[in-house]
Amino acid sequence: MGKKKFLLDYPIFTDEMRKTHTVLIPSFMDSHMELFAGAFERKGYKTRLLDNCDTLLVREGLKYVHNDTCYPATCVIGKFLDALKKEEDLEHVALILTQTGGGCRATNYVPLLRKALASAGFGHIPVITFNLGDLKRSEGLKINLSFLFDLLAAVTYGDTLMYLHNKTRSYEKVKGSSDGLVKKWNKKLREELRLGKASSIRAIKKNLRAITEDFNNLDIEYTVKPKVGIVGEIYVKYAAIGNNNLEEFLVSQGAEILVPGVFGFLMYCFANAEYDYRYYRTRISHKLYSSAILWLISRYEGWMIKAIKKYSKFEAMQPFKATRKEAKGIIKHGAKMGEGWLLSAEMNELIKIGYSNIICAQPFGCLPNHICGKGVMNRLKKLHPHANITPIDYDSSASKVNQENRIKLMLALAKEKIEE
Ligand code: SF4
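Note that the structure is a prediction, hence the values are computed from the model and not measured.

1. Side note on the overall build of the chain
Point 1. Across its full length, the chain carries 17 helices and 8 strands.
Point 2. Relative to the globule expectation of 22 Å for 420 residues, the C-alpha radius of gyration of the chain, 21 Å, shows essentially globular dimensions.
Point 3. By principal-axis analysis of the C-alpha atoms, the chain measures approximately 65 × 50 × 45 Å.
Point 4. The proportion of buried residues among the 420 residues of the chain is 58%.
Point 5. Intrachain contacts of the chain at a sequence separation of at least 6 include 74% that bridge at least 24 residues.
Point 6. For the chain, the exposed area adds up to about 19100 Å²; of that, 53% sits on carbon and sulfur atoms.
Point 7. Placing the 63 positive and 45 negative side-chain charges of the chain at their respective mean positions leaves the two points 5 Å apart.

2. Re the packing of helix 11 (residues 262-280) against helix 12 (residues 284-311)
Point 1. Where helix 11 contacts helix 12, the axes come no closer than 9 Å and their chain directions differ by 150 degrees. Comparing their axes, helix 12 and helix 11 come out roughly antiparallel. In terms of crossing hand, the pair formed by helix 11 and helix 12 is left-handed. Of the residues in helix 12, those touching helix 11 at F263, L266, M267, F270, A271, A273, E274 and Y277 are I284, H286, K287, Y289, S290, I293, L294, I297, S298, Y300, E301 and M304.
Point 2. Across the contact of helix 11 with helix 12, the residue classes break down as 14 nonpolar, 3 polar and 3 charged.

3. Overview of the site of the ligand
Point 1. Near the ligand, the surroundings consist of 13 residues, among which C70, C104, A106, E233 and C366 are the closest.
Point 2. Among the detected pockets, the ligand sits in the largest pocket.
Point 3. Two domains each put at least three residues into the shell around the ligand: domain 1 (13-143) and domain 2 (146-419).

4. Here we look at the sheet that holds strand 7 (residues 357-363)
Point 1. Spatial ordering of the open sheet is given by 6-5-7-8, a layout of 4 strands whose pairing is parallel. Both edges of this open sheet fall to strand 6 (256-258) and strand 8 (388-394), since each of them pairs with a single strand only. Pairwise comparison of adjacent strand axes, ignoring direction, gives a mean angle of 25 degrees for this sheet.
Point 2. Across 3 bridges, strand 5 (residues 227-232) lies against strand 6 in parallel orientation. For V228, the partnering residue across the bridge sits in strand 6 and is I257.
Point 3. This element, helix 14 (residues 340-352), spans strand 5, strand 6, strand 7 and strand 8 of the sheet and lies at about 175 degrees to strand 5.

5. Some points on the layout of surface pockets
Point 1. The volume enclosed by the largest pocket comes to roughly 860 Å³.
Point 2. Looking at the largest pocket, it is lined by 45 residues, and the ones nearest its centre are F28, T98, Q99, L132 and I234.
Point 3. Looking at the lining of the largest pocket residue by residue, the classes come out as 36 nonpolar, 6 polar and 3 charged.
Point 4. Taken domain by domain, the makeup of the lining of the largest pocket includes at least three residues from each of domain 1 (13-143) and domain 2 (146-419).
Point 5. Taken together, 29 residues line the second largest pocket, and the ones lying closest to its centre are S27, M29, D30, S31 and V182.

6. Description of the pairing of strand 5
Point 1. The buried fraction of strand 5 is high, at 5 of 6 residues.
Point 2. The pairing of strand 5 with strand 7 spans 5 bridges and is classified as parallel. Paired with V231 across the bridge in strand 7 is C360.

7. Here's the deal with the pattern of salt bridges
Point 1. Taken as a whole, this structure holds 24 salt bridges when the rule is applied.
Point 2. The partner of E60 in a salt bridge is K63, with the nearest N and O atoms 3.2 Å apart. Of the two residues, E60 and K63 are both situated in helix 3 (residues 56-64); the distance of 3 residues between them amounts to about one turn of the helix.
Point 3. On the basis of relative accessible area, E60 is assigned to the buried category, the value being 12%.
Point 4. Since its relative accessible area comes to 56%, K63 is described here as exposed.
Point 5. With a shortest N-O distance of 2.7 Å, E192 and K188 are connected by a salt bridge.

8. Quick look at the confidence of the model for the chain
Point 1. Residues at a pLDDT of 70 or more form 97% of the chain, whose mean pLDDT is 93.
Point 2. Taken as a whole, residues 1-6 scores under 50 in pLDDT and shows 14 contacts with residues more than four places along the chain or in a different chain.

9. Quick notes on the environment of L343
Point 1. Tracing the backbone shows L343 in helix 14.
Point 2. Sequence-wise, L343 and I331 are 12 residues apart; in three dimensions their C-alpha atoms are separated by 9.9 Å.
Point 3. Among all residues touching L343, those that are not within four sequence positions of it are V231, G232, C360, Q362, N369, C372 and G373.

10. Examining the packing of helix 11 against helix 14
Point 1. In the contact formed by helix 11 and helix 14, the axes pass within 9 Å of each other and the chain directions differ by 135 degrees. Considered as vectors, helix 11 and helix 14 are oriented oblique to each other. Helix 11 and helix 14 meet at a crossing whose hand is right-handed. Taking contact as the criterion, the partners of G264, F265, Y268 and N272 in helix 11 are, on helix 14, G340, W341 and L342.
Point 2. Its residues placed into classes, the contact of helix 11 with helix 14 shows 4 nonpolar, 3 polar and no charged.

Calculation notes
- Residues numbered from 1 in each chain as written.
- Predicted model: local features only at pLDDT ≥ 70, side-chain atom pairs only at ≥ 80, totals over all residues.
- Heavy atoms only, no water.
- Helix = DSSP H or I, 4+ residues; strand = E, 2+ residues; numbered from the N terminus.
- Rg over C-alpha atoms; globule rule 2.2 N^0.38 Å.
- Buried < 20%, exposed > 50% of the residue type's maximum accessible area, 1.4 Å probe, protein only.
- Contact = heavy atoms within 4.5 Å.
- Areas by Shrake-Rupley, 256 points an atom, 1.4 Å probe, with all protein chains shown as cover.
- Lys, Arg positive; Asp, Glu negative; His and termini not counted.
- Charge placed at Lys NZ, Arg CZ, Asp CG, Glu CD.
- Axes fitted to C-alpha atoms, helices over the stretch in contact; angles between N-to-C directions.
- Parallel < 35°, antiparallel > 145°, perpendicular 65-115°, else oblique.
- Left-handed = near helix turned anticlockwise from the far one by under 90°.
- Nonpolar A, V, L, I, M, F, W, Y, C, P; charged D, E, K, R; others polar.
- Near = heavy atom within 4 Å.
- 1 Å grid on protein atoms, 1.4 Å probe; cavity = no way out; pocket = protein on both sides within 12 Å on 5 of 7 lines; lining within 4 Å.
- Sits in = over half its atoms within 2 Å of the grid points.
- Domains from an automatic or database assignment.
- Pairing = 2+ DSSP bridges.
- Points joined across faces, edges and corners; volume = space filled by probe spheres on them.
- Salt bridge = Lys/Arg side-chain N within 4 Å of Asp/Glu carboxyl O.
- pLDDT = per-residue confidence, 0-100.

Okay, structure coming up:
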C-alpha cells in the first residue's frame, strides 16, 4: 500500500504511465462503457471496467465521503475504493473520473476523490480527469483529434445501442435477445475501436446500419404498455447502482422505457459556452472551440438518426437542436447548473412524443436538478394535463421499497389511463 501524500501534492498521470498502469474506469452505462474502454485502448491505455453494482459499495464510499455530499460522488468513490482494496498491484493502477465543469458540485468530485484516496492510504494513485465542458482542461489525458473521433464514435454506437435496446427489450419474444444484441455489439465494437477500425465515417455508417438492422430483425410482439421516460441527474439516471436498478425494475413491471442519450448531455455542456460568452463575457476562443465541437457532435448524431430512420421500423430520437427548443416557455437556457434546462426540455419532449409517464431521478439534496426537475413540474402539468410525472430521490438512506412503491403507483395510474 502506498505512502500517504499531502493532498496538494497529488500524483499526475504521465504519458509513460500509459505503458505501465491500468486505468480503472467506473462503469455506469451498460451500452457505452466497453466502447469507451476500446477508444482508450486504441490510444495505448490499459483499461479495466469496474462494473460491480453491489450496494455495499455505497457503504464503502460513505466511510470517506460525508453523507451530505452528492450521492453520485459517494457511489463512484465507493466503487474506486472497493476496487483498490482488492487490487494486488497498487503501484500500477490509475483512476479516471469525469467532471462536468461549471458551477455544479460535480466540478469538485476530483478533489473529493483525492481526499478520500489520501485518507484511505491510496494517495499515490494518479487520477485522470476528463472535463466534459472543456476537453482541453482534462488532466493526465491528451485529447487530440483522432482520440476525439474515437470517443465520438463510441458515444454514437453507445447511444444507438441504448436506444434500440429500450425500443425492443419490453417486446422481445425470446427473453434476453435484446440484451444479447447489446452484448454482441459491445464486444465487437470494443475490439474494432481498439484496432482503430470503427471510427472512420465509412465504418460508422456501415456499423450503424448493421446494428439497426440487427435490432429491426429481432422477433418482437407489440402489446400496449405504459411508456416511461427516465430523466434526471446524469449519474442516477444511467447507473444501476445509483438508481437501484430502475430500468430493470420498470421493464419487469411491464413498461417500455426511454432514456435520453449521452449526446444530448454532451451537446448541452458545449452549447452553454455561447450563453457564457454572451452574458458572462468568457473568452471568445472558448465559445468558438465549443461551437466547433458542437457542430462536430451534431454530425455524428445525424448519422445515428439517419440510420434508425432508414434501416428500422422504429421512430428515431429527436436531434439536440429540437430538444433545445423544448425548454422554451418552461425555463431559460441560463439555468445550466447540473443538467439544467436540458432536464426540463427532455421532459417536455418525452411527453410530446408519447412518453407521458416520467420518472425524474434525483440525488437527494441535488439543488440544480430539483429546480430544473421538480421545480418545473407544475408548469409541465399545466401544459400537458395528462402528464404523469414522479420525482424519485436517490441517496444512501433512501428505501428501495419506498422508491419501488411510488413507481408502482405511477404505473398503476398509467395503466388506468390506457384502459380508459
Ligand atoms: S447535479 Fe446534483 S448531484 Fe450532480 S454534482 Fe450537481 S449538485 Fe451534485
